[in-house]
There are 2 protein chains.
Amino acid sequence: MKDSGDNSIIDKLQNFYIQLISKFGHCTGISPSRFRLMQQLFHVDEINQTTLQKELQIDRAAITRHLKQLEGDGIVTRRINPDDNRFTLVRLTDHGRQEIVAYREEKILFMAQLLQGFSEEEQKLFANMIERMQENINHIKGEN
Amino acid sequence: MKDSGDNSIIDKLQNFYIQLISKFGHCTGISPSRFRLMQQLFHVDEINQTTLQKELQIDRAAITRHLKQLEGDGIVTRRINPDDNRFTLVRLTDHGRQEIVAYREEKILFMAQLLQGFSEEEQKLFANMIERMQENINHIKGEN
DNA sequence: TTTATACAATTGACCAATCAATCGTTGATA
DNA sequence: TATCAACGATTGATTGGTCAATTGTATAAA
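Every value quoted in this text rests on a predicted model; they were computed, and no experiment measured them. (Residues numbered from 1 in each chain as written. Chains lettered and ligands numbered in written order. Predicted model: local features only at pLDDT ≥ 70, side-chain atom pairs only at ≥ 80, totals over all residues. Heavy atoms only, no water.)

Colleague: With reference to specific residues and values, describe the relation of the copies chain B and chain A.
Modeller: Once chain B is rotated about the relating axis by 180° and shifted along it by 0.0 Å, it coincides with chain A to within an RMSD of 0.2 Å. What we have between these two chains is a two-fold relation. Closest to the rotation axis within chain B is the C-alpha of B:Phe126, separated from it by 3.5 Å. Most of the interface of chain B is mirrored in chain A, where 100% of its interface residues again form contacts. (Least-squares fit on C-alpha atoms with pLDDT ≥ 70 in both. Contact = heavy atoms within 4.5 Å.)

Colleague: An account of the interface of chain B and chain A is needed here, citing residue identities and associated values.
Modeller: Counting residues at the interface gives 61 residues for chain B and 61 residues for chain A. Buried surface at the junction of chain B and chain A, summed over both partners, amounts to about 6,700 Å²; 64% is from carbon and sulfur atoms. Between the two partners, chain B and chain A, sit six salt bridges. Across the pair B:Glu122 and A:Arg132 runs a salt bridge, and its minimum N-O distance is 2.9 Å. Here chain B and chain A share 24 residue pairs in polar contact (both at pLDDT 80 or more) between them. Listed by contribution, the elements that provide at least two residues to the side of chain B that touches chain A are α1 (9–28), α2 (32–42), α5 (94–114) and α6 (120–139) of chain B. (Buried area = accessible area lost by both parts, 1.4 Å probe. Salt bridge = Lys/Arg side-chain N within 4 Å of Asp/Glu carboxyl O. Polar contact = N/O pair within 3.5 Å; in protein donor to acceptor, adjacent residues only side chain to side chain. Helix = DSSP H or I, 4+ residues; strand = E, 2+ residues; numbered from the N terminus.)

Colleague: Quick one: what's the story with α6(B), residue by residue and with numbers?
Modeller: Look at α6(B): 29 Å from first C-alpha to last across 20 residues, which is about the 28 Å you get at 1.5 Å a residue. For α6(B), the set of buried residues is B:Gln123, B:Phe126, B:Ala127, B:Met129, B:Ile130, B:Met133, B:Gln134, B:Asn136 and B:Ile137. (Expected span 1.5 Å × (residues − 1). Buried < 20%, exposed > 50% of the residue type's maximum accessible area, 1.4 Å probe, protein only.)

Colleague: Could you give an account of the protein's contact with DNA strand C, naming the residues involved and the relevant values?
Modeller: The environment of DNA strand C is formed by 25 residues, the closest being A:Thr50, A:Lys68, A:Arg78, B:Ser33 and B:Arg65. In the environment of DNA strand C, a phosphate oxygen lies 2.8 Å from a nitrogen or oxygen atom belonging to the side chain of A:Gln49. Within the side chain of A:Arg78, an N or O atom sits 2.5 Å from a phosphate oxygen of DNA strand C. Elements with a minimum of two residues in the surface near DNA strand C: α3 (49–56) and α4 (60–72) of chain A together with α4 (60–72) of chain B. Of the residues forming the surface near DNA strand C, the biggest block, six residues, is contributed by α4(B). Across the surface near DNA strand C, the residue classes tally to five nonpolar, ten polar and ten charged. (Near = heavy atom within 4 Å. Nonpolar A, V, L, I, M, F, W, Y, C, P; charged D, E, K, R; others polar.)

Colleague: Please give an account of the sheet that holds strand β2 (residues 76–80) of chain A that cites residues and values.
Modeller: All names here are of chain A. The three strands are arranged β1-β3-β2 in an open sheet whose pairing can be described as antiparallel. Two strands close off the open sheet at either side, each with one partner strand: β1 (47–48) and β2. The pairing of β1 with strand β3 (residues 88–92) spans two bridges and is antiparallel. Paired with Ile47 across the strands is Val90, a residue of β3. (Pairing = 2+ DSSP bridges.)

Colleague: An account of the pairing of strand β3 (residues 88–92) of chain B is needed here, citing residue identities and associated values.
Modeller: Looking along a regular strand, one sees side chains alternate from face to face of the sheet. Alignment of strand β2 (residues 76–80) of chain B against β3(B), held across five bridges, turns out to be antiparallel. Its bridge partner being in β3(B), B:Arg79 is matched across the sheet by B:Leu89.

Colleague: Any details on the protein's contact with DNA strand D? Residues and values, ideally.
Modeller: Taken together, the neighbourhood of DNA strand D is formed by 24 residues, with A:Ser33, A:Asp59, B:Thr50, B:Lys68 and B:Arg78 sitting nearest. Contact distances for DNA strand D include 2.7 Å between a phosphate oxygen and a backbone N or O atom of A:Asp59. The contact in question runs from a phosphate oxygen of DNA strand D to an N or O atom on the backbone of A:Asn85, over 3.1 Å. Those elements that place two or more of their residues in the surface near DNA strand D are α4 of chain A together with α3 (49–56) and α4 of chain B. Of the residues contributing to the surface near DNA strand D, the split by class is five nonpolar, ten polar and nine charged.

Colleague: Could you give me a rundown of the packing of aromatic side chains, with the residues and numbers involved?
Modeller: Summed over all chains, the structure comprises eight aromatic pairs over all chains. Measuring from ring centre to ring centre gives 5.6 Å for B:Phe24 and B:Phe35, while their planes differ by 75°; the resulting arrangement is edge-to-face. Within this pair, whereas B:Phe24 is found in helix α1, its partner B:Phe35 is found in helix α2, the two being separated by eleven residues in sequence. B:Phe24 gets classed as buried once you look at its relative accessible area, which sits at 3%. With a centroid separation of 6.3 Å and an interplanar angle of 85°, the aromatic rings of B:Phe35 and B:Tyr103 are classed as edge-to-face. Residue B:Phe35 is found in helix α2, and its partner B:Tyr103 is found in helix α5; the two are separated by 68 residues along the sequence. For the residue pair B:Phe35 and B:Tyr103, the accessibility class agrees, reading buried in each case. Feature note: the residues A:Phe24, A:Phe35, A:Tyr103 and A:Phe110 constitute an aromatic cluster, connected by ring pairs. Across from the ring centre of B:Phe118, 4.0 Å away, lies the NZ or CZ of A:Arg132, which sits over that ring. (Phe/Tyr/Trp six-rings, centres within 6.5 Å; stacked < 30°, edge-to-face > 60°. Lys NZ or Arg CZ within 6 Å of the ring centre and 35° of its normal.)

Colleague: Could you give me a rundown of empty space enclosed by the protein, with the residues and numbers involved?
Modeller: Taken as a whole and assessed by the stated rule, the structure comprises two cavities of 30 Å³ or more. As for the largest cavity, its lining consists of A:Ile10, A:Leu13, A:Gln14, B:Tyr17, B:Leu20, B:Ile21, B:Phe24 and B:Phe35. Among the secondary structure elements, those contributing two or more residues to the lining of the largest cavity are α1 (9–28) of chain A together with α1 of chain B. Counting residues per element, the lining of the largest cavity draws most heavily on α1(B), which supplies four residues. Taken together, the residues of the lining of the largest cavity sort by class into seven nonpolar, one polar and no charged. By volume, the second largest cavity amounts to about 40 Å³. In terms of lining, the second largest cavity is formed by A:Tyr17, A:Leu20, A:Ile21, A:Phe24, A:Phe35, A:Lys107, B:Ile10 and B:Gln14. At the level of secondary structure, the elements contributing two or more residues to the lining of the second largest cavity comprise α1 of chain A together with α1 of chain B. When residues in the lining of the second largest cavity are grouped by element, the largest group, four residues, is from α1(A). Grouping the constituent residues of the lining of the second largest cavity by class yields six nonpolar, one polar and one charged. (1 Å grid on protein atoms, 1.4 Å probe; cavity = no way out; pocket = protein on both sides within 12 Å on 5 of 7 lines; lining within 4 Å. Points joined across faces, edges and corners; volume = space filled by probe spheres on them.)

Any functional reading would require information that these geometric values do not contain.
Okay, structure coming up:
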(Lines give C-alpha, C1' and ligand atoms only; values in the text may rest on other atoms or scores of the structure.)
Protein backbone atom coordinates (compact mmCIF):
# COMPACT_ATOMS: atom_id res chain seq x y z
CA MET A 1 0.00 0.00 0.00
CA LYS A 2 2.68 2.45 -0.89
CA ASP A 3 1.77 5.93 -1.89
CA SER A 4 2.69 5.69 -5.53
CA GLY A 5 -0.51 7.37 -6.50
CA ASP A 6 -2.13 4.15 -7.61
CA ASN A 7 -5.43 3.29 -6.17
CA SER A 8 -4.92 6.09 -3.75
CA ILE A 9 -7.42 7.42 -1.31
CA ILE A 10 -8.51 9.95 -3.88
CA ASP A 11 -9.23 7.19 -6.37
CA LYS A 12 -11.13 5.15 -3.86
CA LEU A 13 -13.07 8.16 -2.79
CA GLN A 14 -13.91 9.01 -6.35
CA ASN A 15 -15.13 5.56 -7.20
CA PHE A 16 -17.07 5.38 -4.02
CA TYR A 17 -18.65 8.79 -4.36
CA ILE A 18 -19.74 8.27 -7.92
CA GLN A 19 -21.46 5.03 -7.03
CA LEU A 20 -22.94 6.55 -3.93
CA ILE A 21 -24.50 9.47 -5.74
CA SER A 22 -25.72 7.35 -8.59
CA LYS A 23 -27.38 4.90 -6.24
CA PHE A 24 -28.81 7.58 -4.05
CA GLY A 25 -30.23 9.37 -7.04
CA HIS A 26 -31.84 6.22 -8.33
CA CYS A 27 -33.30 5.42 -4.93
CA THR A 28 -34.77 8.83 -4.26
CA GLY A 29 -35.40 9.98 -7.80
CA ILE A 30 -34.03 13.45 -7.18
CA SER A 31 -30.84 15.06 -8.36
CA PRO A 32 -28.17 15.61 -5.71
CA SER A 33 -27.95 19.35 -6.28
CA ARG A 34 -31.65 19.85 -6.09
CA PHE A 35 -31.78 17.80 -2.94
CA ARG A 36 -29.04 19.81 -1.33
CA LEU A 37 -30.75 22.99 -2.32
CA MET A 38 -34.09 21.97 -0.88
CA GLN A 39 -32.47 20.69 2.25
CA GLN A 40 -30.72 23.97 2.76
CA LEU A 41 -33.99 25.79 2.34
CA PHE A 42 -35.61 23.43 4.77
CA HIS A 43 -33.49 24.77 7.60
CA VAL A 44 -34.23 28.42 7.15
CA ASP A 45 -37.28 30.53 6.82
CA GLU A 46 -36.17 32.69 3.96
CA ILE A 47 -32.79 33.13 2.35
CA ASN A 48 -31.21 35.00 -0.52
CA GLN A 49 -29.53 33.24 -3.41
CA THR A 50 -25.97 34.32 -2.81
CA THR A 51 -26.04 32.96 0.70
CA LEU A 52 -27.38 29.70 -0.64
CA GLN A 53 -24.69 29.67 -3.26
CA LYS A 54 -21.93 30.10 -0.74
CA GLU A 55 -23.24 27.35 1.45
CA LEU A 56 -23.67 24.89 -1.38
CA GLN A 57 -20.66 25.80 -3.48
CA ILE A 58 -22.72 25.57 -6.62
CA ASP A 59 -22.31 28.19 -9.29
CA ARG A 60 -24.58 31.20 -9.10
CA ALA A 61 -25.99 30.50 -12.51
CA ALA A 62 -26.96 27.00 -11.48
CA ILE A 63 -28.67 28.36 -8.40
CA THR A 64 -30.74 30.79 -10.42
CA ARG A 65 -31.82 28.11 -12.85
CA HIS A 66 -32.65 25.55 -10.20
CA LEU A 67 -34.73 28.02 -8.27
CA LYS A 68 -36.61 29.17 -11.33
CA GLN A 69 -37.47 25.61 -12.04
CA LEU A 70 -38.42 24.88 -8.45
CA GLU A 71 -40.59 27.96 -8.50
CA GLY A 72 -42.30 26.69 -11.62
CA ASP A 73 -42.90 23.39 -9.85
CA GLY A 74 -44.46 25.11 -6.89
CA ILE A 75 -41.70 24.05 -4.52
CA VAL A 76 -40.41 27.50 -3.65
CA THR A 77 -41.55 31.10 -3.81
CA ARG A 78 -39.30 34.03 -4.58
CA ARG A 79 -39.74 37.69 -3.82
CA ILE A 80 -37.53 40.70 -3.95
CA ASN A 81 -36.29 42.00 -0.63
CA PRO A 82 -38.25 45.21 -0.10
CA ASP A 83 -35.38 46.68 1.91
CA ASP A 84 -32.85 46.07 -0.84
CA ASN A 85 -34.09 45.29 -4.30
CA ARG A 86 -30.91 43.54 -5.28
CA PHE A 87 -31.70 40.52 -3.19
CA THR A 88 -34.31 37.93 -3.99
CA LEU A 89 -35.56 35.99 -1.03
CA VAL A 90 -36.40 32.34 -1.47
CA ARG A 91 -38.50 30.09 0.73
CA LEU A 92 -40.08 26.68 0.53
CA THR A 93 -43.81 26.49 -0.05
CA ASP A 94 -45.88 24.18 2.11
CA HIS A 95 -45.89 21.75 -0.73
CA GLY A 96 -42.14 22.02 -1.01
CA ARG A 97 -41.80 21.33 2.66
CA GLN A 98 -43.83 18.17 2.37
CA GLU A 99 -41.71 17.01 -0.52
CA ILE A 100 -38.44 17.51 1.24
CA VAL A 101 -39.70 15.79 4.35
CA ALA A 102 -40.43 12.71 2.30
CA TYR A 103 -37.03 12.82 0.65
CA ARG A 104 -35.34 13.19 3.97
CA GLU A 105 -36.99 10.04 5.20
CA GLU A 106 -35.68 8.20 2.19
CA LYS A 107 -32.29 9.59 2.91
CA ILE A 108 -32.34 8.30 6.46
CA LEU A 109 -33.18 4.83 5.22
CA PHE A 110 -30.43 5.05 2.66
CA MET A 111 -27.93 6.20 5.25
CA ALA A 112 -28.81 3.35 7.53
CA GLN A 113 -27.91 0.91 4.79
CA LEU A 114 -24.78 2.79 3.89
CA LEU A 115 -23.55 2.70 7.47
CA GLN A 116 -24.50 -0.85 8.21
CA GLY A 117 -21.91 -2.35 10.53
CA PHE A 118 -20.53 1.01 11.61
CA SER A 119 -20.58 1.78 15.31
CA GLU A 120 -21.40 5.22 16.61
CA GLU A 121 -17.74 5.78 17.31
CA GLU A 122 -16.72 4.79 13.82
CA GLN A 123 -19.26 7.14 12.31
CA LYS A 124 -17.97 10.00 14.38
CA LEU A 125 -14.43 9.09 13.49
CA PHE A 126 -15.24 9.06 9.82
CA ALA A 127 -17.02 12.39 9.99
CA ASN A 128 -14.10 13.79 11.88
CA MET A 129 -11.60 12.60 9.31
CA ILE A 130 -13.57 14.25 6.57
CA GLU A 131 -13.59 17.49 8.49
CA ARG A 132 -9.86 17.33 8.91
CA MET A 133 -9.33 16.74 5.22
CA GLN A 134 -11.64 19.58 4.43
CA GLU A 135 -9.54 21.81 6.63
CA ASN A 136 -6.45 20.67 4.77
CA ILE A 137 -8.06 21.44 1.44
CA ASN A 138 -8.94 24.93 2.53
CA HIS A 139 -5.28 25.65 3.01
CA ILE A 140 -4.28 24.49 -0.43
CA LYS A 141 -3.78 27.47 -2.62
CA GLY A 142 -5.85 27.61 -5.75
CA GLU A 143 -8.32 30.03 -7.21
CA ASN A 144 -11.27 28.87 -5.20
CA MET B 1 -25.11 14.55 16.51
CA LYS B 2 -28.30 12.62 16.22
CA ASP B 3 -29.17 10.86 13.05
CA SER B 4 -32.01 13.09 12.02
CA GLY B 5 -30.61 13.31 8.53
CA ASP B 6 -29.25 16.79 9.09
CA ASN B 7 -25.67 17.43 8.35
CA SER B 8 -25.30 13.72 7.99
CA ILE B 9 -22.30 11.88 6.74
CA ILE B 10 -23.72 12.02 3.27
CA ASP B 11 -23.96 15.79 3.44
CA LYS B 12 -20.48 16.17 4.78
CA LEU B 13 -19.17 13.84 2.16
CA GLN B 14 -20.92 15.74 -0.56
CA ASN B 15 -19.64 19.11 0.54
CA PHE B 16 -16.21 17.72 0.97
CA TYR B 17 -16.12 15.92 -2.35
CA ILE B 18 -17.32 18.87 -4.35
CA GLN B 19 -14.63 21.07 -2.86
CA LEU B 20 -12.05 18.37 -3.30
CA ILE B 21 -12.74 17.88 -6.97
CA SER B 22 -12.95 21.55 -7.66
CA LYS B 23 -9.63 22.20 -5.99
CA PHE B 24 -7.96 19.24 -7.58
CA GLY B 25 -9.17 20.30 -10.98
CA HIS B 26 -7.85 23.80 -10.50
CA CYS B 27 -4.51 22.52 -9.27
CA THR B 28 -3.91 20.03 -12.02
CA GLY B 29 -5.85 21.67 -14.81
CA ILE B 30 -7.44 18.43 -15.91
CA SER B 31 -10.99 17.20 -15.52
CA PRO B 32 -11.50 14.39 -13.02
CA SER B 33 -13.07 12.05 -15.55
CA ARG B 34 -10.35 12.54 -18.05
CA PHE B 35 -7.77 11.96 -15.39
CA ARG B 36 -9.40 8.75 -14.28
CA LEU B 37 -9.66 7.64 -17.86
CA MET B 38 -6.00 8.26 -18.55
CA GLN B 39 -4.96 6.69 -15.31
CA GLN B 40 -6.88 3.57 -16.15
CA LEU B 41 -5.22 3.42 -19.55
CA PHE B 42 -1.88 3.90 -17.91
CA HIS B 43 -2.15 0.54 -16.20
CA VAL B 44 -2.92 -1.54 -19.25
CA ASP B 45 -1.44 -2.01 -22.63
CA GLU B 46 -4.61 -1.93 -24.65
CA ILE B 47 -8.23 -2.06 -23.62
CA ASN B 48 -11.67 -1.87 -25.15
CA GLN B 49 -14.14 0.84 -24.27
CA THR B 50 -16.75 -1.25 -22.53
CA THR B 51 -14.20 -2.61 -20.10
CA LEU B 52 -13.07 0.92 -19.39
CA GLN B 53 -16.64 1.97 -18.91
CA LYS B 54 -17.30 -0.74 -16.38
CA GLU B 55 -14.19 0.06 -14.41
CA LEU B 56 -14.85 3.76 -14.30
CA GLN B 57 -18.62 3.71 -14.01
CA ILE B 58 -18.85 6.50 -16.54
CA ASP B 59 -21.54 6.36 -19.17
CA ARG B 60 -20.65 4.71 -22.45
CA ALA B 61 -21.47 7.83 -24.38
CA ALA B 62 -19.11 9.85 -22.24
CA ILE B 63 -16.37 7.32 -22.80
CA THR B 64 -16.75 7.49 -26.54
CA ARG B 65 -16.65 11.27 -26.56
CA HIS B 66 -13.70 11.54 -24.21
CA LEU B 67 -11.69 9.08 -26.21
CA LYS B 68 -12.44 10.77 -29.48
CA GLN B 69 -11.20 13.98 -28.01
CA LEU B 70 -8.14 12.36 -26.51
CA GLU B 71 -7.43 10.80 -29.86
CA GLY B 72 -7.66 14.20 -31.49
CA ASP B 73 -5.20 15.52 -28.91
CA GLY B 74 -2.75 12.73 -29.66
CA ILE B 75 -3.10 11.21 -26.21
CA VAL B 76 -4.52 7.87 -27.27
CA THR B 77 -4.81 5.75 -30.38
CA ARG B 78 -7.80 3.64 -31.26
CA ARG B 79 -8.08 0.67 -33.58
CA ILE B 80 -10.70 -1.91 -34.25
CA ASN B 81 -10.00 -5.34 -32.87
CA PRO B 82 -9.16 -7.43 -35.97
CA ASP B 83 -10.54 -10.52 -34.26
CA ASP B 84 -13.90 -8.92 -33.55
CA ASN B 85 -14.84 -5.76 -35.31
CA ARG B 86 -17.28 -4.71 -32.64
CA PHE B 87 -14.52 -3.82 -30.23
CA THR B 88 -12.31 -0.79 -30.48
CA LEU B 89 -9.03 -1.07 -28.67
CA VAL B 90 -7.59 1.98 -27.01
CA ARG B 91 -4.08 2.66 -25.84
CA LEU B 92 -2.02 5.60 -24.66
CA THR B 93 0.46 7.10 -27.06
CA ASP B 94 3.97 7.79 -25.84
CA HIS B 95 3.00 11.40 -25.56
CA GLY B 96 -0.07 10.41 -23.57
CA ARG B 97 2.06 8.39 -21.24
CA GLN B 98 4.30 11.34 -20.55
CA GLU B 99 1.31 13.51 -19.81
CA ILE B 100 -0.22 11.14 -17.36
CA VAL B 101 3.06 10.66 -15.57
CA ALA B 102 3.23 14.39 -14.98
CA TYR B 103 -0.33 14.52 -13.76
CA ARG B 104 0.28 11.66 -11.40
CA GLU B 105 3.10 13.54 -9.81
CA GLU B 106 0.85 16.49 -9.23
CA LYS B 107 -1.67 14.15 -7.73
CA ILE B 108 0.83 12.81 -5.27
CA LEU B 109 1.65 16.33 -4.13
CA PHE B 110 -2.00 17.12 -3.80
CA MET B 111 -2.63 13.97 -1.82
CA ALA B 112 0.17 14.79 0.56
CA GLN B 113 -1.51 18.07 1.39
CA LEU B 114 -4.92 16.48 1.66
CA LEU B 115 -3.64 13.93 4.13
CA GLN B 116 -1.53 16.23 6.18
CA GLY B 117 -1.67 15.16 9.80
CA PHE B 118 -2.95 11.68 9.00
CA SER B 119 -0.87 8.78 10.22
CA GLU B 120 -0.37 5.67 8.13
CA GLU B 121 -2.84 3.86 10.34
CA GLU B 122 -5.45 6.54 9.93
CA GLN B 123 -5.08 6.49 6.19
CA LYS B 124 -5.55 2.76 6.13
CA LEU B 125 -8.51 3.05 8.43
CA PHE B 126 -10.12 5.63 6.23
CA ALA B 127 -9.56 3.59 3.09
CA ASN B 128 -10.99 0.61 4.87
CA MET B 129 -14.10 2.45 5.92
CA ILE B 130 -14.71 3.55 2.38
CA GLU B 131 -14.40 -0.01 1.20
CA ARG B 132 -16.91 -1.15 3.77
CA MET B 133 -19.38 1.51 2.73
CA GLN B 134 -18.87 0.58 -0.88
CA GLU B 135 -19.72 -2.99 0.01
CA ASN B 136 -22.86 -1.79 1.72
CA ILE B 137 -23.87 0.22 -1.30
CA ASN B 138 -23.48 -2.75 -3.57
CA HIS B 139 -26.14 -4.54 -1.60
CA ILE B 140 -28.66 -1.76 -1.87
CA LYS B 141 -31.16 -2.61 -4.55
CA GLY B 142 -31.52 -0.13 -7.36
CA GLU B 143 -31.20 -0.25 -11.10
CA ASN B 144 -27.46 0.08 -11.18
C1' DT C 1 -26.48 65.92 -7.42
C1' DT C 2 -23.73 63.29 -10.32
C1' DT C 3 -20.57 59.68 -10.85
C1' DA C 4 -18.22 55.65 -9.68
C1' DT C 5 -17.97 51.41 -7.34
C1' DA C 6 -19.80 47.21 -5.40
C1' DC C 7 -22.81 43.67 -5.42
C1' DA C 8 -27.03 40.27 -6.40
C1' DA C 9 -29.04 38.15 -9.98
C1' DT C 10 -29.53 36.90 -14.64
C1' DT C 11 -28.30 35.44 -19.29
C1' DG C 12 -25.62 33.32 -23.10
C1' DA C 13 -22.12 30.27 -24.61
C1' DC C 14 -19.94 26.25 -23.81
C1' DC C 15 -18.68 21.72 -21.79
C1' DA C 16 -19.60 17.22 -19.69
C1' DA C 17 -22.82 13.47 -18.20
C1' DT C 18 -26.89 10.68 -18.85
C1' DC C 19 -30.60 8.25 -21.26
C1' DA C 20 -32.61 6.28 -25.16
C1' DA C 21 -32.34 4.94 -29.76
C1' DT C 22 -29.57 3.29 -33.52
C1' DC C 23 -25.82 1.07 -36.33
C1' DG C 24 -22.77 -2.62 -37.32
C1' DT C 25 -20.82 -7.05 -36.13
C1' DT C 26 -20.97 -11.65 -34.29
C1' DG C 27 -22.64 -16.11 -33.10
C1' DA C 28 -26.40 -19.20 -32.29
C1' DT C 29 -30.50 -21.27 -34.01
C1' DA C 30 -34.11 -22.63 -37.17
C1' DT D 1 -27.88 -20.35 -45.30
C1' DA D 2 -31.11 -17.06 -43.38
C1' DT D 3 -32.74 -15.01 -39.28
C1' DC D 4 -32.53 -13.32 -34.82
C1' DA D 5 -30.67 -12.03 -30.42
C1' DA D 6 -26.69 -10.11 -28.05
C1' DC D 7 -23.39 -6.87 -27.79
C1' DG D 8 -19.90 -2.81 -28.57
C1' DA D 9 -19.88 1.63 -30.08
C1' DT D 10 -21.96 5.79 -31.63
C1' DT D 11 -25.26 9.60 -31.95
C1' DG D 12 -29.05 12.89 -30.63
C1' DA D 13 -31.65 15.07 -27.11
C1' DT D 14 -31.80 16.66 -22.58
C1' DT D 15 -29.99 18.16 -18.27
C1' DG D 16 -26.85 20.35 -15.13
C1' DG D 17 -22.52 22.90 -14.31
C1' DT D 18 -19.08 26.68 -15.14
C1' DC D 19 -17.33 31.03 -16.86
C1' DA D 20 -17.85 35.55 -18.59
C1' DA D 21 -20.52 39.36 -19.58
C1' DT D 22 -24.59 42.08 -18.48
C1' DT D 23 -28.51 44.27 -15.89
C1' DG D 24 -30.28 46.63 -12.14
C1' DT D 25 -29.88 48.45 -7.48
C1' DA D 26 -27.56 50.65 -3.59
C1' DT D 27 -23.97 53.29 -1.51
C1' DA D 28 -19.93 56.24 -1.18
C1' DA D 29 -17.20 59.86 -3.10
C1' DA D 30 -16.53 63.97 -6.03
